[in-house]
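Below, each chain spelled out in residue letters.
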Amino acid sequence: MRKGDSLWTHVLLVGGLLLIGMNLRPAITGIAPLVDRMIDDGVEVGTIGMQTTLPLMLFGLASVLVGVVGNWIGFARALALGLLLLATGCFARSWGLAEEGVAAARWGGPLLVGLGIAFGNVLLPAVVKSRYPSRLGLMTSLYSTAMNVGAALGFALAVPLADALAGGWNASLGFWGVAALSPLLFWIPQIARRPASRKSGNPFNPFVRLAKDPRAWQVTTLMGLQSLLFYSSVAWLPVMLQERGMGEAASYGWPTVMQLFGCAASLTLPTWAGRLRSQAFWASACGVLTGASICGILWLPLGLVGAATVGMGIGLNGGFGMALLLIAMRSKDASEAGYLSAMAQTFGYVIAAPFPWFVGWLSDASGSWYVAYGFLFLPAVGVSVAGALAGRAGQLR
């Protein structure tokens, strides 16, 4: 922060960051609980799956562009643009999936959702690095926890909103467009500030430099495998829990509980690890815990499967917080943090995007959800290895 900033300046900035973080996941997680209702109304399963897959693809494909735009118009203004895109995408998707909707909105909506979320994914670490360079662990904990709270709210509120609102599941999906506009009330002072000056020149040169740095690729691999695990496991967790013998209500309730317990990990772990010289142990431990929890979901007695689900939430959300922390800590300044974040999320989400679909395909091909969900143990091992490498002390070259 700039010297002499008032308490209210901090309150508005931190409040805006937290509200932005809370809006980066419910547009995705709010789909799974509504799948049965959407199918009953004639929406094809493939169309529903693409409502998650397309945003994930945009997370990756647009991230480099987002990094360039952020350095061009300023991080704060680019975040505001992202919120507007996210809101527009939520409204378009809700309308496009309705019986009277049009194909352009049905497919363009999730693309805008993904583009809007990409702005937040890429630029939040850069804003934190710029405004709170001496509080990276604490601020990363706060906004990553806000993201996890938002993911939990997407699960928890999807069905109640569909029941309470006149438009049913369409209105439930559209509600997150209204929610995405709410952070702008806090964000107006940030938009009004003059952006920090950035170095001129070819905006893609920093990516060329980062591509030659092994540590940048280690952080990128960690982000990619972590994202693969989160979206693939969350997308099919209710189905897997029902396969184990849980009722429908419990199978949707436990993912919400998982996210809430995961918030404790994302709130505390980056804060603690940010004080250490090396974060390798904690980043690796998140992968180990996630892998062990996947095994527990598959093979523990039914009475203990809920505990394994909670363990997976702690591993997934703690690992995501660690990936965001390492983007900030391995960077020398805010500009480099923006570019590293863009690189990590470009390749990371491109890697992750096909796997929610792949796990579903694998269940059909093998005839077993145990085989399909058990596959996720392999990227959990990869997270542990990548976390150990990316978490070592030091910054990019």
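A brief look at the structure comes next. (Residues numbered from 1 in each chain as written. Predicted model: local features only at pLDDT ≥ 70, side-chain atom pairs only at ≥ 80, totals over all residues. Heavy atoms only, no water.)

Re the overall build of the protein
So the rule is basically this: Helix and strand assignments come from DSSP, with helices taken as H or I runs of at least 4 residues and strands as E runs of at least 2, each series counted from the N terminus. When accessible area is computed with a 1.4 Å probe and restricted to protein chains, residues below 20% of their type maximum are described as buried, those above 50% as exposed, and intermediate ones as partly exposed. The contact rule is simple, with two residues in contact once any of their heavy atoms fall within 4.5 Å. We score Asp and Glu as negative and Lys and Arg as positive, and we do not count His or the chain ends. Each charge is placed at NZ for Lys, CZ for Arg, CG for Asp and CD for Glu.
Regarding its fold elements, the protein presents 19 helices and zero strands. Split into buried and exposed, the 397 residues of the protein put 58% on the buried side. Excluding contacts between residues fewer than 6 apart, the proportion of contacts in the protein whose partners are at least 24 apart in sequence is 84%. For the protein, the separation between the mean place of its 24 positive charges and that of its 14 negative charges on side chains is 26 Å.

Considering the packing of helix α7 (residues 103–131) against helix α8 (residues 136–164)
The test is simple: Note on definitions: angles span 0 to 180 degrees between N-to-C directions of axes, and those axes are lines fitted to C-alpha atoms, for helices only across the stretch in contact. Oblique is the label for every angle not falling under 35 degrees (roughly parallel), over 145 degrees (roughly antiparallel), or within 65 to 115 degrees (roughly perpendicular). In this scheme the handedness of a crossing depends on how the near helix is turned from the far one: anticlockwise by less than a right angle means left-handed, clockwise means right-handed.
Interaxial distance between α7 and α8 falls to 10 Å at its minimum, and their mutual angle equals 150 degrees. One element, α7, and the other, α8, form an angle in the roughly antiparallel class. Helix-helix and strand crossings are classified by hand; for α7 and α8 the assignment is right-handed. Contact residues: α7 offers N121, L124, P125, V128 and K129, while α8 offers L136, M139, Y143 and M147.

Some words on the pattern of salt bridges
Let me state the cut-off plainly: Salt bridge, as applied in this entry: a Lys or Arg side-chain nitrogen positioned within 4 Å of an Asp or Glu carboxyl oxygen.
Taken as a whole and judged by the stated rule, the model has three salt bridges. Linking D163 and R37 is a salt bridge whose minimum nitrogen-to-oxygen distance equals 2.8 Å. With D163 in helix α8 and R37 in helix α3 (residues 35–40), the pair connects residues that are 126 residues apart, well separated along the chain. Look at D163 and you get exposed, because its relative accessible area is 54%. A salt bridge links R209 to E336; the shortest N-O distance between them is 2.9 Å. Of the two residues, R209 is situated in helix α11 (residues 205–210) and E336 in helix α16 (residues 334–352); the sequence distance between them amounts to 127 residues. Taking the relative accessible area as the measure of exposure, R209 reaches 39% and is therefore partly exposed.

Some details on the packing of aromatic side chains
This is how the line gets drawn: Aromatic pairing here means that ring centres of Phe, Tyr or Trp (its six-membered ring) are within 6.5 Å. Orientation follows from the plane angle: under 30 degrees is stacked, over 60 is edge-to-face, and everything else is tilted.
Inspection of every chain in the model, using the stated rule, returns nine aromatic pairs. Measuring from centroid to centroid gives 5.9 Å for F355 and F375, while their planes differ by 5 degrees, and the two rings are stacked. With F355 in helix α17 (residues 355–366) and F375 in the loop between α18 (369–374) and α19 (377–390), this pair connects stretches of sequence that are 20 residues apart. Residues F358 and F375 carry aromatic rings whose centres are separated by 5.2 Å and whose planes lie at 65 degrees to one another, so their mutual orientation is edge-to-face. Note that F358 is positioned in helix α17 and F375 in the loop between α18 and α19, a separation of 17 residues in sequence. Three or more aromatic residues link up through ring pairs in this structure, and these residues are F355, F358, W361 and F375.

Thoughts on the nonpolar core
As a reminder, the rule being used: Throughout, nonpolar core names a set of buried Ala, Val, Leu, Ile, Met, Phe, Trp, Tyr and Cys residues whose side chains join them through atoms within 4.5 Å.
Counting 105 residues, the largest nonpolar core has F119, L123, W187, I297, M312 and Y373 as the members making the most contacts within it. Those residues within four positions of W187 in sequence are excluded, and the remaining contacts are L13, G16, L17, I20, A76, L79 and A80.

A look at a nonpolar patch on the surface
To keep things clear, this is the line we draw: Residues enter a patch when their relative accessible area is above 30% and they make no salt bridge; the linking distance is 9 Å between like charges and 5 Å between nonpolar side chains (Val, Leu, Ile, Met, Phe, Trp, Tyr). Areas reported as accessible are Shrake-Rupley estimates using a 1.4 Å probe. Residue values count occlusion only from the protein chains shown.
The grouping of F377, L378, V381, V385 and L389 at the surface amounts to a nonpolar patch, some 420 Å² of accessible area in total. Here V381 is to be found in helix α19. Given a relative accessible area of 40%, V381 falls into the partly exposed group.

A word on helix α12 (residues 214–243)
Worth spelling out the cut-off: Between the first and last residue of a helix there are one fewer steps than residues, each counted as 1.5 Å, and that sum is the expected span. Note on bend: the value at a residue is the angle between axes fitted to the seven residues ending there and to the seven starting there. In protein, a polar contact requires one atom able to donate a hydrogen and another able to accept it; more generally it is a pair of N or O atoms within 3.5 Å, and residues adjacent in sequence count only if both atoms are side-chain atoms.
Here α12 spans 41 Å end to end across 30 residues, near enough to the 44 Å set by a 1.5 Å rise per residue. Where α12 bends most, at L237, the angle is about 50 degrees, and the proline P238 comes one to four residues later. Of all the 30 residues making up α12, 22 are buried; the element is thus mostly covered by neighbouring parts of the structure. Taking the backbone nitrogen of R215 as reference, a side-chain oxygen 2.9 Å away marks D213 as the first, capping residue of α12. G245 lies just past α12 and shows a positive phi near 115 degrees.

Here we look at the environment of G96
Relative to the elements of secondary structure, G96 occurs in helix α6 (residues 75–97). In this structure, the C-alpha to C-alpha distance between G96 and Q226, residues 130 residues apart in sequence, is 31 Å. In this structure, G96 is in contact with G101, V102, A105 and R106, ignoring residues within four places of it in sequence.

A few points about the side chain of T145
Locating T145 in the fold gives a position in helix α8. Looking at T145, the relative accessible area reads 10%, which means it is buried. From its side chain, T145 meets the backbone oxygen of S141 in a polar contact 2.6 Å long. A polar atom in the side chain of T145 sits 2.9 Å from the backbone nitrogen of L267. Those residues in contact with T145, other than ones at most four positions away along the chain, are C263, S266 and L267.

A few points about the side chain of S144
Assignment of secondary structure puts S144 in helix α8. Among the residues examined, S144 registers a relative accessible area of 0% and is labelled buried. Separated by 3.4 Å, the side chain of S144 and the backbone oxygen of S266 make a polar contact. Residues contacting S144, with those up to four places away along its chain left out, are S266, P270, G321 and L324.

Some thoughts on the environment of T309
Tracing the sequence through the fold places T309 in helix α15 (residues 302–329). When the C-alpha positions of T309 and I294 are compared, they lie 7.9 Å apart, and in sequence the two are 15 residues distant. Those residues in contact with T309, other than ones at most four positions away along the chain, are L237, L241, W254, M258 and I297.

Some details on empty space enclosed by the protein
Filter applied, for reference: Cavities and pockets were defined on a 1 Å grid built over protein atoms only: a cavity is a set of grid points that admits a 1.4 Å probe from which the probe cannot escape, a pocket is an open set flanked by protein on both sides within 12 Å along at least five of seven lines, and lining residues are those with an atom within 4 Å of any such point. Grid points are joined across faces, edges and corners, and a volume is the space filled by probe spheres set on the points. Amino acid classes used here: Ala, Val, Leu, Ile, Met, Phe, Trp, Tyr, Cys and Pro are nonpolar; Asp, Glu, Lys and Arg are charged; the rest, including Gly, are polar.
Per the stated rule, a full pass over the model turns up three cavities of 30 Å³ or more. What lines the largest cavity is simply R25, M147, N148, A151, Q226, S227, F230, Y231, L316, N317, F320 and Y349. Of all elements in the fold, only α8, α12 and α15 reach the threshold of two or more residues within the lining of the largest cavity. The biggest single contributor to the lining of the largest cavity is α12, with four residues. A per-class count over the lining of the largest cavity returns seven nonpolar, four polar and one charged.

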